[in-house]
Amino acid sequence: MKLKVGVFKFTSCSGCQVELIRMNEQLPELLNLVEFKYWAMASSKLEDGPYDLALVEGAISTPECIEEVKAIREKSRVLVALGDCAVTGGVPSIRNWMSQREAETIVYPKPGYIRSTRVYGIDEYVKVDYYLKGCPPRLENILQVFKAVILGVKPRLRQHSVCVECKLYENECLLTTYKQPCMGPVTAAGCGAICPNVGRVCEGCYGPMSDPNVASMVERLREIGLSDDEIVRKFRKYAGMSKPYREVAKL
Amino acid sequence: MGKASQLFKTDLKGLDRLIKKLRSDGYVVYGPVKRGRSWFFLEIDSVKQVDLNYVRTVLPPKKLLHPPREKLFEFKLGDGFEVSEKPMPPTVALFGVHPCDLKAIERQDEFFSQTPEDPYYLARRRNALIIGLTCTRVDENCFCLSRGTGPEVSTGFDILITDVGNGYLLEPGSAKGLELLKSLGFQEVGDEYLEAKQKLIEELKKSFTKQMPPEGLAELAKSMLEHEVWKETAERCLSCGNCSLVCPTCYCFDVYDVLELNLRSGVRVRELDSCQLLEYAEVALGGNFRRNRFQRLRHWMLCKFGVAGGGLYSSCVGCGRCIVYCPANIDLTEVASRLRGGG
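Described below are features of the structure shown in this document. (Residues numbered from 1 in each chain as written. Chains lettered and ligands numbered in written order. Predicted model: local features only at pLDDT ≥ 70, side-chain atom pairs only at ≥ 80, totals over all residues. Heavy atoms only, no water.)

**A closer look at the sheet that holds strand β1 (residues 3–9) of chain A**
Residues and elements named next belong to chain A. Pairing in this open sheet of five strands is parallel, and the strands run β2-β1-β3-β4-β5 from one edge to the other. Each having just a single partner strand, β2 (34–39) and β5 (130–132) make up the two edges of the open sheet. Along the sheet, successive strands turn relative to each other by an average axial angle of 25°, direction set aside. Here strand β3 (residues 51–57) runs beside strand β4 (residues 76–82); their pairing, made up of six bridges, is parallel. Opposite Leu55, over in β4, you have Val80 as the bridge partner. Along the sheet face, helix α3 (residues 63–75) touches β1, β3 and β4 and points at about 135° away from the line of β4. (Pairing = 2+ DSSP bridges. Helix = DSSP H or I, 4+ residues; strand = E, 2+ residues; numbered from the N terminus. Axes fitted to C-alpha atoms, helices over the stretch in contact; angles between N-to-C directions. Contact = heavy atoms within 4.5 Å.)

As structure tokens, this is what we get:
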């Protein structure tokens with residue numbers, strides 16, 4: 001019996017679904033195992049649940065979204081937050097630090113039509129079984145979740161720092177050697193250290209690692225010359241609404 | 001090697017011939033190469049690529065004997081269970097390994113030779129050839145002198161190279177090394193070259209500023225598990241794992257399977273792990289033996305002091321990497337000194 005899968009989207013850029021579409025040559029094998037019952041980006045044939053697995057992309061930012069995500073949860077055995085927006089609110093959550101009206105005015109010519117809420121990850125409203133961090137999550141990790149759900153085991157999504165992957169690739173250390181503001185020491189791995197691999201600092205797009213020492217990281221960034229404003233932006237960018245970052249993001 | 005070992009000397013061209021000979025003998029040769037602001041053990045085919053005055057590489061040469069990530073074997077589920085081992089790893093020669101790293105390799109050798117032996121490490125190690133290189137300089141984070149792991153070294157290499165100013169002294173450390181030196185026709189020299197080397201080492205010893213003597217440290221640390229230094233240091237610690245990932249004596253690894261999408265075949269992988277990571281001590285149902293950051297930091301340091309699980313196999317050789325690569329500037333030697341009641 002194939003796994004019945006639904007892919008859903010709320011406030012986001014759809015990049016996580018694009019990552020899923022990039023399966024290319026792996027798609028036929030995946031289709032032996034799963035059946036996409038609902039995936040608006042890939043098919044116009046949309047079937048109602050129940051779903052064995054729901055991948056939910058995007059942040060919750062309107063009253064309608066809240067009801068919808070609750071309905072999806074009811075119809076789904078396993079629910080996965082797909083990407084930072086669904087995990088913590090992601091990039092759209094930066095608007096939480098300005099007034100609602102101000103944000104609406106920047107984006108829409110006639111904001112009077114807009115009804116929005118503060119931006120949250122989906123677990124503000126529903127129970128999430130697995131979190132696929134990243135902006136976007138790496139395809140390998142998404143497929144890992146498919147396999148784990150089919151087999152009924154816990155997916156191996158380690159939450160240690162990006163530094164671990166960086167060292168496995170033996171990159172030069174941008175923070176200690178070059179005094180660059182790399183977020184690696186507090187950011188969850190999973191990306192394969194793609195930015196440090198090409199000599200760019202980790203921007204923190206996988207959000208907080210397990211048990212990050214945020215206070216110490218703030219000090220380290222100060223030491224290399226970042227202003228409090230710059231530090232706040234570093235923590236707000238992808239996961240400002242996450243529990244470990246929330247306090248710093250408000251600085 | 002006994003006292004009567006033969007000594008040879010050569011020049012830069014001779015070292016190049018040595019590298020070329022190793023390559024023609026089928027070794028993949030790795031040496032310290034500078035890239036950006038750091039050094040790395042990379043594959044080399046000429047001495048020109050090597051920086052003979054390097055201080056330390058990012059990852060220790062351990063990476064070639066105990067790779068950070070390696071596929072152990074492939075498996076397939078059919079009627080039964082099929083396993084196919086990958087072919088034997090290439091035979092490596094490590095050119096230019098400093099004394100601290102030589103000592104660290106000796107500890108890894110001992111650890112992986114315990115029962116049950118580790119076939120993956122030992123397969124690599126048995127075929128490997130190791131060429132040591134006496135340091136020409138010491139930086140503010142070197143402290144091998146106080147650990148008794150350098151800058152003098154008498155074991156752990158097949159050949160030891162020392163820049164004695166007017167050439168390179170070559171000391172064989174194994175039958176394999178001696179044979180190689182003879183086959184290259186290098187000039188034999190007398191004991192005066194050893195004296196010259198000794199003089200350089202005595203000079204070098206004066207440059208050390210950092211120290212962490214092992215005497216009594218293990219016992220002391222064990223009796224001070226509640227010392228405030230652990231909690232204070234942990235306030236800075238990021239638990240990023242850098243210290244243990246760059247450590248030449250850390251050997252802990254994780255083993256996991258990567259399944260193909262057909263769910264019937266896959267590979268078993270082993271990957272360096274670190275006791276600094278929260279998940280490391282996690283057991284079923286989410287229990288964790290070292291949930292607090294200070295417990296993890298303390299555990300790693302105790303291992304380096306010769307106390308914890310690793311004891312002597314994992315104790316510190318004074319290479320300074322953990323200090324250099326700690327984003328929070330945590331210094332193992334300062335912690336040791338505070339335990340001793342100093343600073």
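There's more to say after this.
**Focus on the interface of chain B and chain A**
Each side of the interface is counted separately: chain B has 46 residues, and chain A has 38 residues. Of the roughly 3400 Å² buried between chain B and chain A on both sides combined, carbon and sulfur atoms contribute 56%. Two residues, A:Asp211 and B:Arg296, come together in a salt bridge whose shortest N-O distance is 3.0 Å. Seen at the junction of chain B and chain A, the total is 19 residue pairs in polar contact (both at pLDDT 80 or more). Sorting the residues of the side of chain B that touches chain A by element identifies β3 (38–43), α8 (228–236), α9 (242–245), β11 (253–259), β12 (265–272) and α10 (293–305) of chain B as the ones contributing at least two each. Here the side of chain B that touches chain A gets four residues from one element, more than from any other, and that element is β3(B). Of the residues in the side of chain B that touches chain A, the class split is 25 nonpolar, six polar and 15 charged. (Buried area = accessible area lost by both parts, 1.4 Å probe. Salt bridge = Lys/Arg side-chain N within 4 Å of Asp/Glu carboxyl O. Polar contact = N/O pair within 3.5 Å; in protein donor to acceptor, adjacent residues only side chain to side chain. Nonpolar A, V, L, I, M, F, W, Y, C, P; charged D, E, K, R; others polar.)

**Focus on the pairing of strand β1 (residues 7–10) of chain B**
Residues and elements named next belong to chain B. A two-sided burial pattern is seen for β1, the buried positions comprising Leu7 and Lys9 on one face and Phe8 and Thr10 on the other. Where β1 lies against strand β10 (residues 187–189), three bridges are found, and the strand directions are antiparallel. Note on β10: the bridge partner recorded for Leu7 is Val189. The sheet contact formed by β1 and strand β9 (residues 168–172) spans three bridges and is antiparallel. Residue Thr10 lies in a different strand from β9, and its bridge partner there is Tyr168. (Buried < 20%, exposed > 50% of the residue type's maximum accessible area, 1.4 Å probe, protein only.)

**Some words on the pattern of salt bridges**
All chains considered together, the criterion is met by 43 salt bridges over all chains. A salt bridge links A:Asp129 to A:Arg73; the nearest nitrogen and oxygen atoms lie 3.2 Å apart. Placement of the pair is A:Asp129 in the loop between α5 (100–107) and β5 and A:Arg73 in helix α3, with a sequence separation of 56 residues. The salt bridge partner of B:Lys63 is A:Glu170, with a shortest N-O separation of 2.5 Å. Residue B:Lys63 is found in the loop between β3 and β4 (69–77), and its partner A:Glu170 is found in the loop between α7 (162–168) and α8 (194–197); the two belong to separate chains. Summarising the burial analysis for this pair, B:Lys63 and A:Glu170 share the class buried. Among the charged side chains, a salt-bridge network with shared partners connects A:Glu35, A:Lys37, A:Lys45 and A:Glu47.

**Some points on the packing of aromatic side chains**
A complete count under the given rule lists 14 aromatic pairs over all chains for this structure. Between the aromatic rings of A:Tyr120 and A:Tyr125, the centroid separation amounts to 6.3 Å while the plane-to-plane angle is 80°, which identifies the pairing as edge-to-face. The class for A:Tyr125 is partly exposed, based on a relative accessible area of 24%. Ring centres of B:Phe111 and B:Tyr251 lie 3.5 Å apart, and the angle between their planes is 10°; on these two criteria the pair is classed as stacked. Within this pair, whereas B:Phe111 is found in helix α2 (residues 99–113), its partner B:Tyr251 is found in the loop between α9 and β11, the two being separated by 140 residues in sequence. Classification of B:Phe111 by relative accessible area gives partly exposed; the value is 21%. Sitting above the plane of the B:Phe294 ring, B:Lys231 keeps its charged end 4.6 Å from the centroid. The ring of B:Phe253 has B:Arg270 lying over it, and the distance from NZ or CZ to the ring centre is 4.3 Å. (Phe/Tyr/Trp six-rings, centres within 6.5 Å; stacked < 30°, edge-to-face > 60°. Lys NZ or Arg CZ within 6 Å of the ring centre and 35° of its normal.)

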